[in-house]
Amino acid sequence: MSKLDAFKFIPWIPALAALICGACCWHRKLRVYAAPVSILSIVAAFLISFGFRDAVAAGNPNTINAFSWIHIGNLNVDFGYLIDPLTLVMLFVVTGVGALVAIYAAGYMAGDRGYARFFAYVSLFLFAMTTLVMADNLVLLYLGWEGVGLCSYLLIGFNFQKPSAVAAAKKAFIVNRIGDLGFALGIFLTFQRYGTVTLWTGDAGSPGVLELAAQVHDGTLAAAPADLWIPFLLMLGAFGKSAQIPLHVWLPDAMEGPTPVSALIHAATMVTAGVYMIARLLPVFTLCPYALPTVATVGAITALFAALIAASQNDLKKVFAYSTISQLGYMFLGIGVLSSVGAVFHLFTHAFFKALLFLTAGNVMHAMADQLDMRRISGLRRKMPLTCLLMLAGCLALAGVPGTAGFFSKDLILASALQKGLSQHDWRITTLAVLAIVTALLTAYYTFRLWFRVFMGPAKYEMGPKHAPQEPVDESSDGDIRVEHYHEPHEMNWLMNGPLLVLAAGALTAGFLCKEWVTTMVGGAVSAAPGSADGHAAAGAAEILIFGLDVHSFMIVVSVVVSLGGIALAAYFHWLNRSAADRIAVRFRDVVRALQNKFFVDELYDALLVRPLRMLGSLFYIVDRLLIEGLVSLVGALPRLAGMAVQTSQRGFLQGYGLGMAVGTGVVLLFVIYLTK
Amino acid sequence: MPTPFEPLQDAALSHFLMTGAVLFALGLAGFLCRRNLIIMFLSTELMFQGVAISLVAFSRLHGNDTGQTFVIFVLTIAAAEAALALGLVVLLFRRKRTLDCEAWAAMKG
Amino acid sequence: MEYALYIASVIGAIALTMMMPRRGHTPRTLGALLGAATLGGLWLFLAPVATTEGAAMTYYYVFSGLAIAGAAGVVTHPRPIYSALWFIIVVLASAGLFLVMEAEFMAVAMVIIYGGAILVTYVFVIMLATQSGDPRQAEDAPTYDRVAREPVPAVAAGFLLLAVLLTVAFDTDRIKPNPNTRGLTADQIINGSKTLGLERILSDRPDARLAKRIGADHTIRMPLHNVERVGLDLFRGHPLGLELAGVILLVALIGAVVFARTPIDPGDE
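Residues numbered from 1 in each chain as written. Chains lettered and ligands numbered in written order. Predicted model: local features only at pLDDT ≥ 70, side-chain atom pairs only at ≥ 80, totals over all residues. Heavy atoms only, no water.

### Here's the deal with the overall build of chain A
Our working rule: To qualify as a helix, a DSSP run of H or I must reach at least 4 residues; to qualify as a strand, a run of E must reach at least 2; elements of each kind are numbered from the N terminus. Residue burial is assigned from relative accessible area. The probe radius is 1.4 Å, only protein chains are included, and a residue is buried under 20% of its type maximum, exposed over 50%, and partly exposed in between. Residue contacts are counted whenever heavy atoms from the two residues lie within 4.5 Å of one another. The protein chains shown are the only cover counted for residues, whose accessible areas, like all others here, come from Shrake-Rupley with a 1.4 Å probe.
When you go through chain A residue by residue, the secondary structure sums to 24 helices and six strands. Scored against the burial criterion, the 677 residues of chain A give a buried share of 56%. Long-range pairs, those at least 24 residues apart, make up 79% of the contacts in chain A with a sequence separation of at least 6. Accessible surface computed for chain A: about 28400 Å², of which carbon and sulfur atoms make up 68%.

Structure, rendered in structure tokens:
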């Protein structure tokens, strides 16, 4: 067994853990075993991927086959795993961040009735996600895709007694479904076009999809009309899973799930599956000249859109949810300008700092007994200093402050976009790049708006719904008035804070530590498409000078200005002079209202789609009740009616019956006689 | 008279059948329109008579005695039936003090 | 010829309806006369069909007339006891018909069983189950006796059936003797099978014994009497039926005993 074969086990260890945790649900005493089993399985998966990383050399992908699955006619789908550098990066992210979040969740979810069920779902999610990133054919990828969708549904609706959680879970699943429809159609079309769904075989005799796409690029294989449509269908799936416009509406509602779920699934891993999928299938996407620009456009617009909304939200987790949408937009922008290194690197760093942010928000939530409204929390830094610092680390990374991981990854994307736009004299891409820069400003602003509001300023806070009812704090104007409470917010235990420290370290340092490694990894991945403008290594890019600086240095300057400017804005309005913010809010009431209501997108969908569907459903219900049931009842009623009609002839008089018999016999005999005459 | 071993050759058979048929029809009419239970049963006995005459006529037609044997069985059954039916009639009369057949129309739809 | 039958049926139906008991005055006599006229007319019409019977036909007409008159009486008389008496007349008349048809055993059996057993039972039951006042006053008879229930449909049904049966009865092409089922003559029995016991029966007949006594040839076989023929057919041809008939009679006996012991509370139910 070569080193590579060990990768076979990566999905199945969490699967086994899921089964064991499922068994632990049976009895309350067994519950305590759920978390260790799950955490150990994820750590084991991480160790395997980390330990055997040498077996995966850049530019030398391998496939290993776990077992055969479907062999019907031309369709050959196996549980095969494609291990190449891109996979390895994704595996690190998924299993690493997954392990940390699981450890955090062991402390966060303590005392919950569904403790074992939670870890079962998390393990199942890990199985599906690792299958997704390791899949060597589209059908298995789709299996993982659907699996993570399922686990997302299960975990969002984890507190199924809450109707809002159940509704959010349904919404997530249904919106994802719409995207998945596109993905499925794309897979079908791919199979029809290329005759196979395997991505890469390394065998010239039976090439995989990526190899065939490369052949189309070279000109050895004729192009077909399907080539133009496949990317659009596939990107629909990516948009659904990664919450881009117009399928972004599920992610903010998904915050109904427990915070570790939000951190793991809706920040670090599941939502990045769309980015991974496009990165993996880049050769297919480049066959259509309109596909990637569409991706980039949607990504940039989504980024701006979400950032605007985030700037007005008052719920901690909702701000981070919109922030996630916005950052995913960045990733799509990156991959749209063919900077797959940039996109994947941003994915990598985003996992760290977004998970960190969500988990610290979880800390705050836990401490404040489920209070999430920013307007009711202020000045927590004295009570929760560690959380304050951890969240600061995450916020710095998110804002792209120089030195943090976020800075490096965002810079990569922006620079590539600007470079591509300027060197190809394509004003559209340049516009997108400018939009992205504006979005960066907004990102810094809203991130620090949250941090300043929650941790800085006068210390007054209102405990949340889980708290025992106390009289609320009276609003005092300014000054550090410490109000005595029965139950004060406090720091969490080390089980929860430990992983946060690791994540914070990553958020701050992963930038300069991992950048070269990721670049080599992704650059040598099997999906490296010809003509990719990977960041600094763009082949033959003309030297472009802006204000005397080349593009990258210019970008660095712009990033610094933008991030610090955003922080300064936030500091002014939300720390030093909060009343100014309130006055502006009153002055621009309508704008604020539009932003707060998420540009009324949900209401639009409701009026456009949900209500007509409901009416259609009612119509069909009526049709079903009246027409179909009516028909069936009619068929049932006919014998009864016939019976009732005949019933009146049974009057109980024997002689009546006798009369009938006699007359009948006579008539029949008459017929017989005359017929046989 | 024709010898008894020779089957009836002439059309006199039809007359005997006619008599049997008339008796049967009269019995049927009586059964269907009289309300007194006893007269209803008596009408059925009348129907038996008609049938017996027809059977014996046919046995004479064919020259064998199966018809007459059958009539013996019919007589047996008629006797048994009459006994039981009349027993029932007495019981019914004791229950309702009336012999009107319309009093026992409870099994109506 | 059929039209004569149909017309006769229709008029006969009208006649019977007239004779049925009803509220108010019943034209019984008129109906009886009409019925008799119909029957007579029909017989006259059919006379050419009946050939060479001579005295037998006369006896036929007499007994048939009696039987039909008696049947009409059974069916139309308002009082049950009179119906029973009319029925006895029917039985005697049909016994006469059997005699005309040379079924002597049948005739006697009919008189004994019907007249001697069944009708006696009927008379007993009528005695037990009648609620009546003064027999002289017809108005005291209960309603169900006095009024027939919807006589027209009933009579119509009966006479419809009668018309059909008559059509068949007079369809001489249809009714033919079946040569395959001919019964056996005495000569055939004796000469054919030499069955044991039959010799003894046949030589035990009074006429054979008489012949033996006077020294005549007792082997001259006389025709079998009706009783002997019926007995041969019954015991040789249908022994199982005979046994079953016995069983049925036993069961009826048991049933009757059960009935007799059933306690009944008088009262409406």
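### Some points on the side chain of A:Asp180
Residue and element names in this part refer to chain A. Among the structural elements, Asp-180 can be located in helix H6 (residues 163–194). You can call Asp-180 buried: its relative accessible area is 4%. Asp-180 has contacts with Tyr-142, Trp-145 and Glu-146, leaving out every residue within four places of it along the chain.

### Structural notes on the interface of chain B and chain C
Here is the rule: Throughout, buried area stands for the accessible area (probe radius 1.4 Å) lost by two parts on being put together, summed over both. Salt bridge, as used here, is a side-chain nitrogen of Lys or Arg placed within 4 Å of a carboxyl oxygen of Asp or Glu. N or O atoms closer than or at 3.5 Å make up a polar contact, with two conditions inside protein: a donor-capable atom paired with an acceptor-capable one, and, for residues adjacent in sequence, both atoms drawn from side chains. Following the grouping adopted for this structure description, the nonpolar residues are Ala, Val, Leu, Ile, Met, Phe, Trp, Tyr, Cys and Pro, the charged ones are Asp, Glu, Lys and Arg, and the polar ones are all others, Gly among them.
With 77 residues of chain B in contact, the opposing surface of chain C contributes 103 residues. Carbon and sulfur atoms make up 73% of the surface buried where chain B meets chain C, a total of about 8100 Å² over both sides. Connecting chain B to chain C are one salt bridge. C:Arg229 is the partner of B:Asp65 in a salt bridge, and the nearest nitrogen-oxygen pair spans 3.1 Å. The tally of links from chain B across to chain C stands at 12 residue pairs in polar contact (both at pLDDT 80 or more). When contributions to the side of chain B that touches chain C are tallied by element, the ones reaching two or more residues are helix H1 (12–33), helix H2 (37–62) and helix H3 (66–96) of chain B. Per element, the largest residue contribution to the side of chain B that touches chain C is 24 residues, and it comes from H3(B). Here the residues of the side of chain B that touches chain C sort into 50 nonpolar, 15 polar and 12 charged.

### Considerations on the interface of chain A and chain B
How big an interface is tends to be stated in terms of accessible area lost as the parts join. Every contact between the two is made by 11 residues of chain A and, on the other side, 14 residues of chain B. Summed over the shared surface of chain A and chain B, the number is zero salt bridges. Of the residues forming the side of chain A that touches chain B, the biggest block, six residues, is contributed by helix H24 (residues 654–675) of chain A. Residues that form the side of chain A that touches chain B fall into these classes: five nonpolar, five polar and one charged.

### Concerning empty space enclosed by the protein
Gaps left between atoms are located by rolling a probe of water-molecule size over the structure's atoms. Residues and elements named next belong to chain A. How we decide: In this analysis the probe radius is 1.4 Å and the grid spacing 1 Å, with only protein atoms considered; a cavity is a set of points the probe fits into but cannot get out of, a pocket is an open set with protein on both sides within 12 Å along at least five of seven lines, and lining residues have an atom within 4 Å of a point. Grid points are joined across faces, edges and corners, and a volume is the space filled by probe spheres set on the points.
Tallying each qualifying case throughout the model produces nine cavities of 30 Å³ or more. Computed from the structure, the largest cavity encloses a volume of approximately 80 Å³. If you trace the largest cavity, you find 13 residues lining it, with Gly-400, Lys-410, Leu-414, Ala-440 and Ser-559 closest to the centre. At the level of elements, helix H17 (405–423), helix H18 (427–455) and helix H20 (551–576) are the ones that each hand at least two residues to the lining of the largest cavity. For the lining of the largest cavity, the leading source of residues is H20, giving five residues. Partitioning the lining of the largest cavity into residue classes produces eight nonpolar, three polar and two charged.

### Brief notes about the pairing of strand S1 (residues 62–72) of chain A
In regular strands, side chains alternate between the two faces of the sheet. Residues and elements named next belong to chain A. Condition: We treat two strands as partners when DSSP finds at least two bridges between them.
Bridge analysis of S1 against strand S2 (residues 75–83) gives nine bridges, and the strand direction is antiparallel. The residue bridging Ile-70 from the neighbouring strand is Val-77, located in S2. Counted between consecutive antiparallel strands, the loop separating S1 from S2 contains two residues, among which Gly-73 sits at a positive phi close to 60°.

### Some points on the pattern of salt bridges
Residues and elements named next belong to chain A. Using the criterion set out here, one finds 10 salt bridges over all chains in the structure. One salt bridge in this structure joins Lys-162 and Glu-256, with 3.3 Å as the shortest N-O distance. Residue Lys-162 is found in the loop between helix H5 (138–156) and H6, and its partner Glu-256 is found in the loop between helix H9 (250–253) and helix H10 (259–268); the two are separated by 94 residues along the sequence. Lys-162 sits in the partly exposed class, given a relative accessible area of 38%. Measuring nitrogen to oxygen at the nearest pair gives 2.7 Å for the salt bridge that ties Asp-227 to Arg-193. With Asp-227 in helix H8 (residues 226–241) and Arg-193 in helix H6, this residue pair connects regions lying 34 residues apart in the sequence. Owing to a relative accessible area of 17%, Arg-193 belongs among the buried residues under this scheme. Put simply, Glu-146, Arg-177 and Asp-180 are held in one network by salt bridges that share partners.

### Structural notes on helix H21 (residues 578–587) of chain A
Residue and element names in this part refer to chain A. Operational definition: As used here, the arc is the angular range of directions from the helix axis to the C-beta atoms.
All of the buried residues along H21 are Arg-578, Ala-580 and Ala-581. Down the axis of H21, the smallest arc covering the buried residues is 155°, so these residues share one side. Set apart from the buried face of H21 by more than 90 degrees, the exposed residues are Arg-583, Val-586 and Arg-587. The inward-facing, buried residues of H21 abut strand S3 (377–378), H18 and H20.

### A closer look at the layout of surface pockets
All names here are of chain A. In this structure, the second largest pocket encloses a volume near 650 Å³. Forming the walls of the second largest pocket are 19 residues, and the residues nearest its centre are Lys-171, Ile-174, Val-175, Tyr-605 and Val-610. Of all the elements, H6 adds the most residues to the lining of the second largest pocket, at eight residues. When the residues that make up the lining of the second largest pocket are grouped by side-chain class, the tally is 12 nonpolar, one polar and six charged.

### Side note on the packing of aromatic side chains
Note the following rule: The criterion for an aromatic pair is that two Phe, Tyr or Trp rings (for Trp, the six-membered ring) have centres within 6.5 Å, with stacked assigned to planes under 30 degrees apart, edge-to-face to planes over 60 apart and tilted to the rest. Both a distance and an angle decide whether a charge sits over a ring: NZ of Lys or CZ of Arg must be within 6 Å of the ring centre and within 35 degrees of the ring normal.
The final tally for this structure, using the stated rule, is 33 aromatic pairs over all chains. The lysine or arginine in question, A:Arg117, covers the ring of A:Phe158, its NZ or CZ lying 4.4 Å from the ring centre.

### As for the packing of helix H3 (residues 85–108) of chain A against H10(A)
Helix-helix packing is characterised by the crossing angle of the two axes and by the distance between the axes. Residues and elements named next belong to chain A. What counts is decided by this rule: Interaxial angles span 0 to 180 degrees and are taken between N-to-C directions of axes, which are lines fitted to C-alpha atoms, for helices over the stretch in contact. Put simply, angles under 35 degrees are roughly parallel, angles over 145 are roughly antiparallel, angles from 65 to 115 are roughly perpendicular, and the rest are oblique. Handedness of each helix crossing follows the sense of rotation of the near helix against the far helix: counterclockwise by less than a right angle gives left-handed, clockwise gives right-handed.
Two elements in contact, H3 and H10, have axes separated by 9 Å at closest approach and are oriented at 170°. Put simply, H3 runs roughly antiparallel to H10. When the axes of H3 and H10 are compared, the crossing they make is right-handed. Seen from H3, the contacting residues are Val-93, Val-97, Gly-98, Val-101, Tyr-104, Ala-105 and Tyr-108; seen from H10, they are Thr-259, Pro-260, Ala-263, Leu-264 and Ala-268. Within the contact of H3 with H10, the residues separate by chemical class into 10 nonpolar, two polar and no charged.

### Some points on the confidence of the model for chain B
One rule of thumb: low pLDDT means the predicted coordinates there are not for detailed reading. All names here are of chain B. Quick reminder of the rule: Each residue carries a pLDDT value, the predictor's own confidence for that position, ranging from 0 to 100.
Per-residue confidence for chain B averages 84 on the pLDDT scale, and 89% of its residues sit at or above 70. In this model, residues 1–9 is a region of pLDDT below 50 whose contacts with residues beyond four sequence positions or in other chains number 18 contacts. If you check the scores for this complex, the pTM reads 0.64 and the ipTM reads 0.88.

### Here we look at the side chain of A:Ser378
All names here are of chain A. Note on placement: Ser-378 falls in strand S3. Here Ser-378 falls in the buried class, since its relative accessible area comes to 3%. Ser-378 has contacts with Arg-453, Val-454, Met-456, Gly-457, Pro-458, Ala-459, Lys-460, Tyr-461 and Arg-578, leaving out every residue within four places of it along the chain.

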